[in-house]
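Residues per chain, in single letters:
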Number of protein chains: 2
Amino acid sequence: MRRKLRETANETATMRLRHAGLRPTRQRNELAKLLFRNGHRHLTAEMLHAEAVSEGVKVSLATVYNTLHQFTQAGLLLQVVVDPTRSYFDTNTADHQHFYCEDESSLIDIPGPDIAVAGLPTPPPGTQIKRVDVVVHVRRH
Amino acid sequence: MRRKLRETANETATMRLRHAGLRPTRQRNELAKLLFRNGHRHLTAEMLHAEAVSEGVKVSLATVYNTLHQFTQAGLLLQVVVDPTRSYFDTNTADHQHFYCEDESSLIDIPGPDIAVAGLPTPPPGTQIKRVDVVVHVRRH
DNA sequence: TCAACAGTTTAGAATTATTCTAAATTGCAG
DNA sequence: CTGCAATTTAGAATAATTCTAAACTGTTGA
Ligand SMILES: [Mn+2]
Ligand SMILES: [Mn+2]
Ligand SMILES: [Zn+2]
Ligand SMILES: [Zn+2]
């Protein structure tokens, strides 16, 4: 009950990884700590890599890409497609939607229950609905 | 009243371009004819370029990219972002949404009035809503 | 009719995000 | 500890897209 916060964060990250079936390596632990230490975030591989480097975490960009995809497959992250030039990853895996401001390339969450899509037609034959994504594009005025 | 269909198509394309404020060049005319000759389509620059080449239309890939963006700015096309690896252009500029089947990279229109998004929260301060995109991801089962 | 020039096209180089390769390193089961 | 599969990584490769700068063309006004 007197362990340092750092150790606790480490154990939390390790547990999260084990629970997701991922081997808790040094790099995955560090990246998980950066990703999940505070509220929800939307970030690109480059952004996370820059953050890691600036905080003294040694990890290659290739590993950041690998890790983001592994976390996504494991359900720890969600990939968001709104900008044709880059891929965002979202630490909020709950059902929710987004405002996207192209001017500043920023994503803002819209809580899932707030928004409702009605009148969905039957999906094409032989397919079933997997997810409904709503992106509300906004512009600075 | 006895002109060939080809001539009529040419005039239609030319008029469409003039009306959009674009100089009707040979390449723009040919691409407009390919794009708008039949029902609505969703296609990438590479796809349109391949189609042009296969039908004997001489145009460079760079021009296809330029033209697709110019047509989009002019309101003749809509850009659709669903796949992080490529950009689709949509000849349907009416208000509508999409089914996206990742397995086969195919987009299918959902007529605008069919679908309704309710409960949109107030957009972030200083911004106004520009467009609401709904993508229904489906999977082969 | 046509010269002039802005707008357009284009080949090829460049850029950018992302993925791949193959060799070195590391976590962990035994 | 050891052995080995899983992981990491530097750097090369790939793929979509954009840029550059030189050649070409549509339009216009004399
Ligand atoms: Mn892209
Ligand atoms: Mn890309
Ligand atoms: Zn989000
Ligand atoms: Zn469409």
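Our subject is the structure listed above.
For every chain, the first residue of its written sequence is number 1, and the numbers climb from 1 along that sequence. In the order they appear in the text, chains get letters beginning with A and ligands get numbers beginning with 1. Totals for whole chains, interfaces and linings use all residues, but because this is a predicted model, local features are given only for residues with pLDDT of at least 70 and pairs of side-chain atoms are given and counted only at 80 or more. Side-chain calculation: all heavy atoms of the structure are included, whereas hydrogens and water are not.

S.K.: Please clarify how the overall build of chain A should be interpreted in this entry.
M.R.: What chain A contains, in helices and strands, is four helices and seven strands. For the purposes of this entry, the term helix denotes a DSSP run of H or I that reaches at least four residues, the term strand denotes a run of E that reaches at least two, and both are numbered from the N terminus. Each helix (α) and strand (β) of chain A, taken in turn from the N terminus, gives the series α-α-β-α-α-β-β-β-β-β-β. Taken along the three principal axes of its C-alpha coordinates, chain A extends 55 × 40 × 30 Å. Of all 141 residues assigned to chain A, the portion counted as buried reaches 39%. Within chain A, counting contacts between residues at least 6 apart in sequence, those at least 24 apart form 41% of the total. Only the protein chains shown count as cover for residues, and all accessible areas are computed by the Shrake-Rupley method using a 1.4 Å probe. Of the roughly 8100 Å² of accessible surface on chain A, 52% is carried by carbon and sulfur atoms. With 18 positive and 15 negative side-chain charges, chain A shows a spacing of 11 Å between the two charge centroids. Buried residues are those whose accessible area, probed at 1.4 Å on protein chains only, stays under 20% of the maximum for their type, while exposed residues exceed 50% and partly exposed ones sit between those limits. The contact rule is simple, with two residues in contact once any of their heavy atoms fall within 4.5 Å. His is not counted, nor are the chain ends; Lys and Arg add positive charge and Asp and Glu add negative charge. To locate a charge, take atom NZ for lysine, CZ for arginine, CG for aspartate or CD for glutamate.

S.K.: So what exactly am I meant to see when it comes to the environment of threonine 72 of chain B here?
M.R.: Structurally, threonine 72 of chain B can be placed in helix H4 (residues 61-73). Between the C-alpha atoms of threonine 72 of chain B and valine 135 of chain B, which are 63 residues apart in sequence, the distance is 20 Å.

S.K.: How should I be thinking about the packing of aromatic side chains in this particular structure?
M.R.: The description of an aromatic ring pair rests on the distance of the ring centres and on the angle between the ring planes. Residue and element names in this part refer to chain B. Aromatic rings from Phe, Tyr and Trp, with only the six-membered ring used for Trp, were paired whenever their centres fell within 6.5 Å, and each pair was classed as stacked if the ring planes differed by under 30 degrees, edge-to-face if by over 60, and tilted otherwise. One pass over the structure, following the stated rule, counts one aromatic pair over all chains. Ring geometry for phenylalanine 36 against phenylalanine 71: centres 6.5 Å apart, planes inclined by 20 degrees, an arrangement best described as stacked. Of this pair, phenylalanine 36 sits in helix H2 (residues 26-36) while phenylalanine 71 sits in helix H4, placing them 35 residues apart in sequence. A single burial state applies to phenylalanine 36 and to phenylalanine 71, both of which are buried.

S.K.: Can you walk me through the coordination of the zinc ion (ligand 4) in this structure?
M.R.: A metal bound by six donors in octahedral fashion has ideal angles of 90 or 180 degrees, whereas one bound by four tetrahedral donors has an ideal angle of 109.5 degrees. All names here are of chain B. Coordination of the zinc ion (ligand 4) by the protein is provided by His42 (NE2), Asp90 (OD), His96 (NE2), His98 (NE2) and Asp109 (OD), with metal-donor distances spanning 2.0 to 2.2 Å. Nitrogen, oxygen and sulfur within 2.8 Å of a metal are treated as its donors, or within 3.2 Å for sodium, potassium and calcium (Na, K, Ca); water is not counted, so a site can appear incomplete. Written as a sequence motif, the donor arrangement for the zinc ion (ligand 4) is H-x47-D-x5-H-x1-H-x10-D. Of the two residues, histidine 96 is situated in strand E4 (residues 96-101) and aspartate 109 in strand E5 (residues 106-111); the sequence distance between them amounts to 13 residues. Note on histidine 96: relative accessible area 8%, which makes it buried. Owing to a relative accessible area of 24%, aspartate 109 belongs among the partly exposed residues under this scheme.

S.K.: In this structure, what is going on with the protein's contact with DNA strand C? I would like to understand it.
M.R.: The rule for a residue being near a molecule or strand is that one of its heavy atoms must lie within 4 Å of it. Taken together, 19 residues sit near DNA strand C, with Tyr65 of chain A together with Thr25, Gln27, Arg28 and Thr63 of chain B positioned nearest. Backbone atoms, meaning sugar plus phosphate, form 90% of the atoms of DNA strand C positioned within 4 Å of the protein. Class assignment of the residues belonging to the surface near DNA strand C gives a composition of five nonpolar, eight polar and six charged. Lys, Arg, Asp and Glu make up the charged group, whereas Ala, Val, Leu, Ile, Met, Phe, Trp, Tyr, Cys and Pro make up the nonpolar group; the residues left over, Gly among them, are polar.

S.K.: Got a minute to help me understand H4 of chain B in this structure?
M.R.: For an α-helix the count is 3.6 residues per turn, leaving residues at separations of three or four pointing the same way. Residues and elements named next belong to chain B. Helix span is expected to be 1.5 Å times the residue number reduced by one. Helix length check: H4 (13 residues) gives 19 Å between terminal C-alpha atoms against 18 Å at 1.5 Å per residue, within 8%. For H4, the full list of buried residues reads Val64, Thr67, Leu68 and Phe71. Take H4 and look down its axis: the buried residues cluster within an arc of 100 degrees, on one side only. Positive backbone phi, approximately 85 degrees, marks glycine 75, located one or two places after H4. Working note: the arc is built from the helix axis to C-beta atom directions.

That is the geometry; function is a separate question.
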